[in-house]
Amino acid sequence: MKKLTFLLVGLMISTTLFSQSCLDDVWQCLRNNQAPKAKKFIEECLSANPESAQVWLMKGNVYVNLYNSDQKKKQADPAYVFRYPDALITANEAFVKALQLDPTVQPKTGMLGAIDGQKLCAEPFYNMGVDYLDKKDYDNSIKFLSMAAKNYELAKSKNAAVAYYQLAVAYLNQNNQAEGKNMLAKSIAANPLLSSASYATLYDIYKSENDTVNCGMILEKAFANLPAEQHGELMDVQMDYYSTTGQSDKLFELCNKMLQAKPGDVETITNCANYLSNFKAYTKAEEILTPALEKEPKNFKLNFQMAYRYFMEVVDYEDKIDAAMKAKQYAEVNPLRTAEKEIIQKAHDWSQKAYEIDNNVQQNNIMLQQLKVKLLLPVPEELKAKVDSYRR
């Protein structure tokens with residue numbers, strides 16, 4: 001029995017000695033900037049020591065060096081084709097494996113530790129993910145952003161929030177709303193103070209699902225978490241919430257607050273007017289647009305919003321006429337049609353003014369053609385051609 005024990009101990013010692021000798025060779029190669037040679041040695045080390053955390057950690061270092069070598073050559077020669085295109089992924093997997101085998105594993109002098117290695121991999125993964133996102137290659141974008149987010153989380157970096165937000169964008173572009181929501185929730189959890197974008201996008205998803213309860217909850221969370229200077233970025237979302245949930249008093253109060261904070265600001269005026277028109281507060285929308293138009297009569301946005309204010313009232317009248325017809329209240333139909341025609345004319349005149357300022361805005365062009373048809377006015381060929389082009 002003692003003989004067998006001695007044999008086992010001897011085998012363990014010889015394996016350990018081989019492992020250390022092999023790692024020394026790899027380490028020396030890396031110190032001498034011989035990453036390809038180190039790659040050959042590390043595979044030999046792994047075949048003999050597949051369960052050694054030290055070997056896996058060194059493999060991570062080898063592949064980081066291969067990645068860096070490729071990057072330097074690419075910078076020097078843009079035509080260079082990467083020799084090790086998956087080096088960073090391999091490095092990251094090696095760092096993860098090292099930690100799984102031994103969470104306390106320590107690197108050799110001058111080498112990266114497993115956590116530091118993962119941190120280092122995170123930024124290139126993130127950059128590659130965003131690059132693929134810009135190219136609309138959502139599968140690869142998700143692949144690299146997922147690795148970046150995981151690495152940032154392991155490193156307890158708040159950059160995980162940014163990676164999760166970009167992941168949400170990729171999933172939403174794939175029409176995967178469930179994963180989009182999940183990633184946005186993770187983004188907020190990773191850094192509640194990051195920005196208003198995650199909250200606003202999550203609000204839009206809940207709104208598309210007619211989930212006004214969660215719409216309200218995410219807004220409350222946003223205002224509770226974000227610093228005061230970022231609250232203004234969510235005012236439009238808040239207006240939309242009040243409009244959607246029929247909270248007229250709060251909508252009017254918020255509009256007044258925004259207009260007082262930015263008097264004369266066209267963006268604020270038109271945003272408020274838009275929500276007020278959608279809420280059927282036509283008179284109030286007109287009240288804030290009129291003085292602005294007196295100062296800037298040639299401003300497209302202001303003219304368009306005044307047209308939109310009347311257009312929405314036209315839609316309102318059409319609903320009233322339909323309701324009267326269904327109820328067989330025929331005596332009410334003609335007065336409604338007479339009143340509607342006056343509103344159509346006003347909507348047309350403002351839309352025409354907006355068209356004369358800028359005739360390349362799709363929403364106004366479509367609206368103007370519809371109004372001309374309602375008034376039995378001829379539709380200019382230029383306008384007709386533009387509207388027809390939107391259908392192609």
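Located above this text is the structure these notes cover.
Parameters at a glance
Residues numbered from 1 in each chain as written. Predicted model: local features only at pLDDT ≥ 70, side-chain atom pairs only at ≥ 80, totals over all residues. Heavy atoms only, no water. Core = buried A, V, L, I, M, F, W, Y, C linked by side-chain atoms within 4.5 Å. Buried < 20%, exposed > 50% of the residue type's maximum accessible area, 1.4 Å probe, protein only. Helix = DSSP H or I, 4+ residues; strand = E, 2+ residues; numbered from the N terminus. Contact = heavy atoms within 4.5 Å. Salt bridge = Lys/Arg side-chain N within 4 Å of Asp/Glu carboxyl O. Phe/Tyr/Trp six-rings, centres within 6.5 Å; stacked < 30°, edge-to-face > 60°. 1 Å grid on protein atoms, 1.4 Å probe; cavity = no way out; pocket = protein on both sides within 12 Å on 5 of 7 lines; lining within 4 Å. Points joined across faces, edges and corners; volume = space filled by probe spheres on them. Nonpolar A, V, L, I, M, F, W, Y, C, P; charged D, E, K, R; others polar. Axes fitted to C-alpha atoms, helices over the stretch in contact; angles between N-to-C directions. Parallel < 35°, antiparallel > 145°, perpendicular 65-115°, else oblique. Left-handed = near helix turned anticlockwise from the far one by under 90°. Disulfide = S-S within 2.5 Å. Expected span 1.5 Å × (residues − 1).

Visitor: Can you walk me through the nonpolar core in this structure?
Guide: Generally speaking, nonpolar side chains in soluble globular proteins are found buried as a group. Ranked by internal contacts, the top residues of the largest apolar core, which has 113 residues, are Val26, Leu30, Ile42, Val62, Phe125, Leu167 and Met239. For this core, the element with the highest residue contribution is helix H15 (residues 300-326), accounting for 13 residues. Residues within four places of Leu30 in sequence aside, it is in contact with Ala35, Ala38, Met58, Asn61, Val62, Asn65 and Met111.

Visitor: Please explain the pattern of salt bridges as it appears in this structure.
Guide: Close approach of charged atoms allows side chains with opposite charge to pair. As enumerated under the stated definition, the model contains 11 salt bridges in all. Among the ionic pairs, Glu318 bridges to Lys374, the shortest N-O distance being 2.3 Å. Of the two residues, Glu318 is situated in helix H15 and Lys374 in helix H17 (residues 362-374); the sequence distance between them amounts to 56 residues. One connected set of salt bridges, linked through shared partners, spans Glu286, Arg309 and Glu313.

Visitor: Even after reading the chapter, I still don't get the packing of aromatic side chains, so can you show me in this structure?
Guide: Taken as a whole, this structure holds 7 aromatic pairs when the rule is applied. On the numbers, 5.7 Å between centres and 15 degrees between planes, the contact of Tyr132 with Phe144 is stacked. One end of the pair, Tyr132, is in helix H5 (residues 114-134); the other, Phe144, is in helix H6 (residues 138-154), and 12 residues separate them in sequence. By relative accessible area, which is 7% here, Phe144 ends up buried. Ring centres of Phe304 and Tyr308 lie 6.3 Å apart, and the angle between their planes is 25 degrees; on these two criteria the pair is classed as stacked.

Visitor: What am I meant to see in unusual backbone geometry here?
Guide: Negative phi is the rule for most residues except glycine; trans is the rule for most peptide bonds. Within the chain, Asn33 stands out as a residue other than glycine whose phi angle is a positive 60 degrees. The residue Asn33 is located in the loop between helix H1 (2-31) and helix H2 (35-48) in this model. Judged by relative accessible area, Asn33 falls into the exposed class, the value being 70%.

Visitor: Please explain the layout of surface pockets as it appears in this structure.
Guide: Any space left empty among the atoms is revealed by the rolling of a water-sized probe across them. In this model, the largest pocket occupies a volume close to 310 Å³. At the level of elements, helix H3 (53-76), helix H4 (87-101), H5 and H6 are the ones that each hand at least two residues to the lining of the largest pocket. Residue classes in the lining of the largest pocket are distributed as 11 nonpolar, 2 polar and 4 charged.

Visitor: What should I look at first to understand the packing of H15 against H17 in this one?
Guide: Angle between the axes and distance between the axes are the two parameters that describe a pair of packed helices. Remark: H15 packs on H17, axes separated minimally by 11 Å, with the N-to-C direction vectors making an angle of 45 degrees. Judged on the interaxial angle alone, H17 and H15 are oblique. Note that H15 runs across H17; the crossing there is left-handed. Of the residues in H17, those touching H15 at Phe300, Phe304, Ala307, Tyr308, Phe311, Val314 and Glu318 are Gln363, Asn364, Met367, Gln370, Leu371 and Lys374.

Visitor: Would you explain empty space enclosed by the protein in this entry?
Guide: Under the definition given, this model contains 1 cavity of 30 Å³ or more. Split by residue class, the lining of the largest cavity holds 4 nonpolar, 2 polar and 1 charged.

Visitor: Help me understand the state of the cysteines in this model?
Guide: Each disulfide consists of a covalent bond between the sulfur atoms of two cysteine residues. Inspection of the entire model under this criterion finds 1 disulfide. Cys215 takes part in no disulfide bond, and the closest cysteine sulfur to it belongs to Cys255, at a distance of 18 Å. Cys272 takes part in no disulfide bond, and the closest cysteine sulfur to it belongs to Cys255, at a distance of 3.4 Å.

Visitor: Please clarify how helix H13 (residues 266-278) should be interpreted in this entry.
Guide: Every α-helical turn comprises 3.6 residues, leaving residues that sit three or four positions apart pointing alike. Here H13 contains 13 residues, and its C-alpha end-to-end distance of 18 Å stays within 8% of the 18 Å for a straight helix at 1.5 Å per residue. Every buried residue belonging to H13 is among Val266, Thr268, Ile269, Thr270, Cys272, Ala273, Tyr275, Leu276 and Ser277, and all of these are buried. Buried residues along H13 sit against helix H11 (235-244), helix H12 (248-261), helix H14 (282-295) and H15. Phi turns positive one or two residues past the end of H13, at Lys280, with a value near 70 degrees.

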